[in-house]
Every structure is written in C-alpha cells, then in structure tokens.
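# Chains, contacts and geometry: an overview
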Amino acid sequence: MSSPNTKTPPTAYAGPYQFYGRIPLRQAIPLGLQHVLAMFVGNLTPLMIICGICGISSDSPELYVTLLQNAMLVAGIVTLIQLWSIGPIGGQVPIIMGTSSGFLGVMKGVAASVGGGGIAAYSAILGAGMIGGLCEAVLGFFIKPLRKYFPPVVTGTVVLSIGLSLISVGVNSFAGGSGAEDFGALPNLLLGLLVLIVIVALKHFTTGITSTSSILFGIIVGYIVATIMGFVMPHTLGSGANAAWYVNWAKVGQAEWFSVPRFMPIKPTFDLHAILSIIIMFLVTAVETIGDISGCIEGGMGREATAKELSGGVICDGCGSFISSLFSCLPTTSFSQNVGLVTMTKVVNRMALTCGAVFLILAGLSPKLAAVISIMPQSVLGGAAVMMFSSIAVSGIKLLTKFGVTNRVVTIVSIAMGLGYGLGATGGALAGLPQGVQLIFGGSGIVPAAILAIVLNIVIPKEQEDYDSEAAAHRREEE
C-alpha cells in the first residue's frame, strides 16, 4: 500500500498534504503567509548584524534599506527556484530559502580583518559569497555518489542537531528577544504563551483552514493582543525604549508603498582570505542543507529524501547564494525554521509555499508591506517557534529510529551528539584551538556532530542486528 504522502503526478488532484496537490488560493495564501511570518525576522537579522559591523546601517541609511529590501526579494526568487527547479537547479522540495545565519561567525572575522572594515569588507564578503556559492553548486552535482555516506543514522543526527540548536533561539524570542531590555518580563512570556495555546487549540481541536493555518492565526491573535496591550499598558521603559511586546504601527505609516530594488548596489571584490574562510562555511552549509531537506521530507512526507532532491536542493543553495551576491545580500540557504513548520503542520503543498515566496517578492517591492511583518513582537514569533523548532528535533529522532535503535546506532549518536554537538554548542570549549577551527566547529554544534556521525558510520561495521532491523523496516514500508 502506498504512503499517503508519496508524490503525486502534477496532473493529479490532492490537498495541502501533497507536494503537487492543487488547492484553492483562499487556502494556499494563508498557508504560504504563515511560512513568511515564521522566517521574516530571521531572514533579515544576519544582514542587519553584518551591516551594523560594517557601519552601513549608521553611515548609509538609504543603502541599508535597499539591502534589506533586496534580501526579501532574493529570498522569494530563490524559494521559487527551489520549489519549481530550473533544470538541475532546485530539488522541488517544500523548503523556504532565506539569508543564512550560519555564516555570521566567519563574516564577523572577515569584517574585522579585511579591507579595513566598512563597505570594503562588505564588498569582500560579497565576492567570497559568489565564489563559495558556485563551489557549493558544483558539489551538489556529486551528491548521488556521496549519498551512501548519508544514511538515516547520519541525516537523523544532523537533523536532531539542527533542532536542538534552534530551541534556544525559539525560547529567546519567546522571552522577548535577545538584547531586549525587558527580556523575560511577564508581558512577553504571557504573550508568547497565548500564541502557543491558540496554535495548539486550533491545530488539534478544529478542522479545515483554522487547523492547517494554526500558526498564522496564532500570530494574528498575538498581533491583536499586543496592539491592545499598547493602548492599556505603559510600553515605554525607563531608558525611553519601547517594550519588546509593543507593536509600533507608526513604522508602517512611515514606509513607502512601492520601491524598485537596485541591482548590485555594492560592487563585490575578491579577497583570498575572505574567500577561503567563507568557502569552508559553504561546505558546512551543504551538510546542513542535506539535513534540512532530509528532515523536511521525513517530517512532512514520511519518507527519505531522494538523491535527486538532495542534489537539486544543494545546487539551488549555491546558485541562490550567487544570485544573492548580485543583489549585494548575504548567502541564501534553506531555512531550518520553516522545516519545523512543515514538520509540525505536514503541509508540503508547492502552491502554498509558492504563495509565500510571492509574498516575499512583494515585500521586497513594497516597504510598507514589509514593515507590517517587521514590527511583529519577538514573543509572538517565539510562541510559534518553540513548538516548530522542537518538532525538527523530533524529526531527527524519527530518522534515527527508522531502522531500529541498534547498539551501533546508539554508539554513533551518543558520540556524535555527546562529544560533537556538546563541544560545538558549549561556548569556550574549543577556545584553545586555532580561530579558524573555532569559526567552523564552534557555535551551533551541528558541524562537529555531522562530521563525527559520518566518520563513525564509515568506521563502525554493521552487525547482524543492523541488517535484520533494516530488512524489517523495509518489509513494513512495503506493507
């Protein structure tokens, strides 16, 4: 008997739980919009950080706005390529693409050491992004012969690491956002809790559009409640700053309705130090993308990703980063936040995600539309994120247990997660190693966990119980 999540031909009719399913726009638009809401702030944050380090946000405010606008436009364009594919570019998988935060550590180092900082350093980052993107795209063509090195025990470890690394991000948003003066304040926590309760109630106690779009409706309720709070509660802190939960609608009124994005507002330069540093991160990103696609397919479709899907997805990652550099934006890659959304809702419909991509493009063309999303309180996003990000970890567990938890699996996962993820995710644990090693392996713990899982999977031989478990799993799938 075939799985209900198996891909259907493009001519067939199916609902939102099928990739090729046809659904009406009244259903596709809200399903796509909730994807945009889940990634909008995260898509702009890396660019905002690097622009701040390079002095662009303070010295060139008009250029800064242009870069933010381009980042939304590029995310939408590259997402369309990933969903529909152009030849080998794009895996036709339910993945939303956006500006990657994984490069932040390396880019901070480049900004501090190349070209004296400022726009010169940013130009070097763009040039390195172009070269690195092309290298990742080439790597994508060799995924098929490398596929044997990424069985469920490896991809499951990577997906589990991605989920665990994002949980703290979700909790920080839930409490008001890192750096907020009222971080952890009761209004932030209650607002995040309200959004979470609304999402769970709609998802499990209703049917139809309110269930499938529970994330969107939860965020809308959060917007409304936060706006009411702004009228009835003092929202200005002692320093004069607004509380993290405050919805500043004045920013929407000040934004323009339409603005044409600029092509290559900053010209790239090619610095060898920047290129070598960032190319290594592109190789790391390819491993994370494989994990994202594997988690998305397993969590949303109930099967393993094919070599073609992985190859096309990685090629799109690289080409998307090249395109992003042409618009003077940072590398674009698969967004783990949205993998969690797919895993939680099981909505993998291409038309729904296409609506989300189109909305991103419109936001890139209309600053006012973008402003509506940008004023979302972090605790509202956090109310949805804590559940979405945790569901990524659950998808990793499902992959790990796909062929049974044998002694070999326990050993590989224990070392990869305990030593690899533990060392990488614990701040300062690698402080005695060279800075280049710290930039690559420190921070999230995803990379060392992935490398250890790959090496251990090659080194540790399979035993009879492993072959028996795999055979039993295949028989269950056939039934």
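Below you will find a few notes about this structure. Bear in mind the structure is a predicted one, so any value in this text is a computation, not a measurement.

One non-glycine residue, Gln 92, lies in the positive phi region at around 50°. Examined against the element boundaries, Gln 92 turns out to sit in the loop between helix H3 (61–84) and strand S1 (97–99). The backbone of Ser 328 shows a phi angle near 60°, a positive value even though the residue is not glycine. Turning to its location among the elements, Ser 328 is positioned in the loop between helix H13 (307–326) and strand S2 (332–334).

Moving on, we come to helix H18 (residues 407–425). Taking 1.5 Å of rise per residue, 19 residues should cover 27 Å, and H18 covers 25 Å from first to last C-alpha, within 8% of that figure. Among all positions in H18, only Arg 408, Val 409, Ile 412, Val 413, Ala 416, Met 417, Gly 420, Tyr 421 and Gly 424 are buried.

On to a nonpolar patch on the surface. Taken together, Val 138, Phe 141, Phe 142, Leu 146, Tyr 149, Ile 451, Val 455, Ile 458 and Val 459 make up a surface patch of nonpolar side chains, about 810 Å² in accessible area. Examining the composition of the nonpolar patch, we find that four residues originate from one element, helix H20 (residues 446–459), more than from any other. With respect to the helices and strands, the residue Tyr 149 is situated in the loop between helix H6 (143–146) and helix H7 (152–174).

A word on the pattern of salt bridges. Working definition: two side chains of opposite charge can pair if their charged atoms are close together. The full count for this structure, using the stated rule, is one salt bridge. Between Arg 303 and Glu 309 there is a salt bridge, with the nearest N and O atoms lying 2.8 Å from each other. Taking the relative accessible area as the measure of exposure, Glu 309 reaches 3% and is therefore buried.

Before going further, it helps to examine the packing of helix H12 (residues 272–301) against helix H17 (residues 378–400). One way to put it is that H12 packs onto H17 with a least axis distance of 9 Å and a crossing angle of 85°. Here H12 is positioned roughly perpendicular relative to H17, judged by the angle of their axes. Residues Ser 294, Gly 295, Glu 298 and Gly 299 of H12 touch H17, and the partners they reach there are Ser 395, Lys 398 and Leu 399. Class assignment of the residues belonging to the contact of H12 with H17 gives a composition of one nonpolar, four polar and two charged.

Bringing the packing of aromatic side chains into the picture now. Considering all chains together, one arrives at three aromatic pairs under this definition. Look at Phe 19 and Tyr 20: their rings are 5.1 Å apart centre to centre, the planes differ by 80°, and that puts the pair in the edge-to-face class. Both rings, one in Tyr 223 and one in Trp 249, keep their centres 6.0 Å apart while their planes meet at 40°; by these two values the pair is tilted. Taken as a pair, Tyr 223 in helix H10 (residues 214–232) and Trp 249 in the loop between H10 and helix H11 (250–254) lie far apart in primary sequence, 26 residues in all.

With that out of the way, let us pick up the nonpolar core. Ile 56, Tyr 122, Ile 278 and Met 388 are the most contacted members of the largest nonpolar core, which has 131 residues in total. When residues of this core are assigned to their parent elements, the largest contribution, 13 residues, is made by H12. Those residues within four positions of Ile 278 in sequence are excluded, and the remaining contacts are Phe 103, Val 106, Met 107, Val 110, Ile 125 and Ala 128.

Structurally, Pro 331 is set in the loop between H13 and S2. With 284 residues separating them in the primary sequence, Pro 331 and Leu 47 have C-alpha atoms 9.7 Å apart. Setting aside residues up to four positions removed in sequence, Pro 331 forms contacts with Gly 98, Thr 99, Ser 100, Phe 103, Met 107, Phe 282 and Ser 321.

Two elements in contact, helix H8 (residues 186–205) and H17, have axes separated by 7 Å at closest approach and are oriented at 50°. Taken as axis vectors, H8 and H17 run oblique relative to one another. The chirality of how H8 crosses H17 is right-handed. Note on element contacts: H17 touches H8 through Ser 379, Val 380, Gly 383, Ala 384, Val 386 and Met 387, opposite Asn 188, Leu 191, Gly 192, Val 195, Leu 196, Ile 199 and Val 200. Looking at the contact of H8 with H17 residue by residue, the classes come out as nine nonpolar, four polar and no charged.

Take Ser 379: it is sitting in helix H17. Residue Ser 379 is classed as buried on the basis of its relative accessible area of 1%. If we ignore the near neighbours within four places in the chain, the residues touching Ser 379 are Ser 173, Phe 174, Gly 176, Asn 188, Leu 191, Gly 192 and Trp 245.

Analysis parameters
- Residues numbered from 1 in each chain as written.
- Predicted model: local features only at pLDDT ≥ 70, side-chain atom pairs only at ≥ 80, totals over all residues.
- Heavy atoms only, no water.
- Helix = DSSP H or I, 4+ residues; strand = E, 2+ residues; numbered from the N terminus.
- Expected span 1.5 Å × (residues − 1).
- Buried < 20%, exposed > 50% of the residue type's maximum accessible area, 1.4 Å probe, protein only.
- Patch = residues over 30% accessible without salt bridge, like charges linked within 9 Å, V, L, I, M, F, W, Y side chains within 5 Å.
- Areas by Shrake-Rupley, 256 points an atom, 1.4 Å probe, with all protein chains shown as cover.
- Salt bridge = Lys/Arg side-chain N within 4 Å of Asp/Glu carboxyl O.
- Axes fitted to C-alpha atoms, helices over the stretch in contact; angles between N-to-C directions.
- Parallel < 35°, antiparallel > 145°, perpendicular 65-115°, else oblique.
- Contact = heavy atoms within 4.5 Å.
- Nonpolar A, V, L, I, M, F, W, Y, C, P; charged D, E, K, R; others polar.
- Phe/Tyr/Trp six-rings, centres within 6.5 Å; stacked < 30°, edge-to-face > 60°.
- Core = buried A, V, L, I, M, F, W, Y, C linked by side-chain atoms within 4.5 Å.
- Left-handed = near helix turned anticlockwise from the far one by under 90°.

Taken by themselves, the reported measurements are silent on function.
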